[in-house]
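This is what each chain is made of:
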Amino acid sequence: MSNMPPPQDKIAPEDDNDTCPVCKSTRYLNPTLSFLINNCYHRLCSSCVSRRFTLGPAPCPYPNCTLILRKNKFRRQTFASLETEREVDVRRRVARVFNKRTENFVLGMEGEERDEAMRRRRDYEERIEKVVFALLKGGEEAQWAERELEEEARDESGIRENEERARIEGAKAKNRGEVEKLKSQLNRELAEAEVRLEGEEKAELKKGRVQVLVGSRDEGEAKRVWERERKRIVREFERKRAEKEWDVLEGFQEQSRWFVVRKEVEVSWLEAWRKEAATVGGGYEVGEYFQRGLWEAFSGLGVCVEEEKGE
Ligand SMILES: [Zn+2]
Ligand SMILES: [Zn+2]
């Protein structure tokens, strides 16, 4: 409990950043004056800190503050606002205990099971925010938050996960060869699947595979989980592709009533352009050249080649 930050109202007013509230030194008279803070976030100048705390722990000189402070716990402020400073410290402390990541919730799951896991993930994040908020508020709510922190630290599944992670790390260090073998096997499988895949899908699969490798205990589990995860990713992309292929015009094609442009017309001096990167790079086709030529030649005259020919 002694690490707990004080409630908001006991923090010093911040309207005067240049005067030490204890010895009244000011930056105006002493340009090298620097301020330090401790667990209670009460600002003291560095000479006050050495004068009061060099001989050992002593109480904070601020009225209403009951904390006993140690010299080695004084530090420079990182953020301009003490409120921000305090919130960042609280968040760091909470994040050390509430340390589950998204893949701890959803790895290897799909469909409804996955949705349910994502819901649990969101609940977890909400709980984190509540704990942070309560710690910042202080009083009874902070006591509740401390209990939440203790409970989460004790949480068996969290401990088990951390142990598993440690064991994987240990196994990796002990037997890198086996892990390398597994990796190259997965790489081979992936290479086979990749032949018919698009870039985005490839990237997604690679990401998924790395997650599986990091999160699995052994080769067998990695294979099983990866197989499910791979199928899920591929299915997802197939669904997206099917959506993309839906044609808004439902097969309707605009066609000229006046003439038919053949895709290939042999014109010797145009042949070089047909394949040139500078010509086709932007999506240009030589056929468009003919179409425009024909329009320019005949549209203004109201002449229709096919009709004229027919007569
Ligand atoms: Zn001072
Ligand atoms: Zn204090």
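Refer to the structure above for everything that follows.
Fair warning: this is a prediction, and the values are worked out from it, not measured in the lab.

1. Let's talk about the environment of Arg-43
Within the fold, Arg-43 resides in the loop between strand E1 (35-36) and strand E2 (44-45). A sequence separation of 19 residues divides Arg-43 from Tyr-62, and the C-alpha atoms of the two residues are 9.2 Å apart. Of note is the side chain of Arg-43, whose polar atom sits 3.1 Å from the side chain of Gln-77.

2. Concerning the coordination of the zinc ion (ligand 1)
Six octahedral donors at a metal ideally form angles of 90 or 180 degrees, and four tetrahedral donors ideally form angles of 109.5 degrees. In this structure, Cys-20 (SG), Cys-23 (SG), Cys-45 (SG) and Cys-48 (SG) serve as the protein donors to the zinc ion (ligand 1), at separations of 2.2 to 2.4 Å. Considering all 4 donor atoms around the zinc ion (ligand 1), the spread of angles at the metal, 103 to 116 degrees, places the coordination shape in the tetrahedral class. Mapped onto the sequence, the donors of the zinc ion (ligand 1) take the spacing C-x2-C-x21-C-x2-C. Pair noted here: Cys-20 is in the segment before E1 and Cys-45 is in strand E2, with a separation of 25 residues, a long-range link. Of the two residues, Cys-20 and Cys-45, neither departs from the other in class, the shared state being buried.

3. Describing the pattern of salt bridges
Applying the stated rule across the entire model yields 15 salt bridges. In this structure, Arg-93 and Glu-146 form a salt bridge, with 2.8 Å as the shortest nitrogen-oxygen distance. On the criterion of sequence distance, the pair formed by Arg-93 in helix H2 (residues 82-97) and Glu-146 in helix H5 (residues 139-154) is long-range, its members being 53 residues apart. When salt bridges with common partners are traced through the structure, they connect Arg-75, Glu-85, Asp-89 and Arg-92 into a single cluster.

4. Points about the packing of helix H4 (residues 111-137) against H5
With their axes 7 Å apart at the nearest point, H4 and H5 run at an angle of 135 degrees to one another. Between H4 and H5, the angle falls in the class oblique. Seen along the crossing, H4 lies across H5 with a hand that is left-handed. Of the residues in H5, those touching H4 at Tyr-124, Arg-127, Lys-130, Val-131, Ala-134, Leu-135 and Lys-137 are Gly-139, Glu-141, Ala-142, Trp-144, Ala-145, Glu-146, Glu-148, Leu-149, Glu-151 and Glu-152. Its residues assigned to classes, the contact of H4 with H5 shows 8 nonpolar, 1 polar and 8 charged.

5. Here we look at a nonpolar patch on the surface
Judged by side-chain polarity, Trp-269, Trp-273, Tyr-284 and Tyr-289 come together as a nonpolar surface patch covering roughly 440 Å² of accessible area. Topologically, Tyr-284 is positioned in the loop between helix H11 (277-280) and helix H12 (286-298).

6. Quick word on the coordination of the zinc ion (ligand 2)
Coordination of the zinc ion (ligand 2) by the protein involves Cys-40 (SG), His-42 (ND1), Cys-60 (SG) and Cys-65 (SG), with metal-donor separations of 1.9 to 2.4 Å. If you look at the zinc ion (ligand 2), its 4 donor atoms make angles of 103 to 116 degrees with each other, and the shape they trace is tetrahedral. Sequence spacing of the donors to the zinc ion (ligand 2): C-x1-H-x17-C-x4-C. Per residue, the accessibility class of Cys-60 equals that of Cys-65, and both read buried.

7. Regarding H5
A rise of 1.5 Å per residue sets the reference length of H5, with its 16 residues, at 22 Å; its end C-alpha atoms lie 23 Å apart and thus fit the reference within 8%. All of the buried residues along H5 are Ala-142, Ala-145, Glu-146, Glu-148, Leu-149 and Glu-152. The arc that holds every buried residue of H5, seen down its axis, measures 160 degrees, which confines them to one face. Exposed and oriented more than 90 degrees from the buried face of H5 are Glu-140, Arg-147 and Arg-154.

Analysis parameters
- Residues numbered from 1 in each chain as written.
- Chains lettered and ligands numbered in written order.
- Predicted model: local features only at pLDDT ≥ 70, side-chain atom pairs only at ≥ 80, totals over all residues.
- Heavy atoms only, no water.
- Helix = DSSP H or I, 4+ residues; strand = E, 2+ residues; numbered from the N terminus.
- Polar contact = N/O pair within 3.5 Å; in protein donor to acceptor, adjacent residues only side chain to side chain.
- Donors = N, O, S within 2.8 Å, 3.2 Å for Na, K, Ca; no water.
- Tetrahedral: all angles 85-135°; square planar, octahedral: opposite > 155°, others 65-115°.
- Buried < 20%, exposed > 50% of the residue type's maximum accessible area, 1.4 Å probe, protein only.
- Salt bridge = Lys/Arg side-chain N within 4 Å of Asp/Glu carboxyl O.
- Axes fitted to C-alpha atoms, helices over the stretch in contact; angles between N-to-C directions.
- Parallel < 35°, antiparallel > 145°, perpendicular 65-115°, else oblique.
- Left-handed = near helix turned anticlockwise from the far one by under 90°.
- Contact = heavy atoms within 4.5 Å.
- Nonpolar A, V, L, I, M, F, W, Y, C, P; charged D, E, K, R; others polar.
- Patch = residues over 30% accessible without salt bridge, like charges linked within 9 Å, V, L, I, M, F, W, Y side chains within 5 Å.
- Areas by Shrake-Rupley, 256 points an atom, 1.4 Å probe, with all protein chains shown as cover.
- Expected span 1.5 Å × (residues − 1).
- Arc of directions from axis to C-beta.

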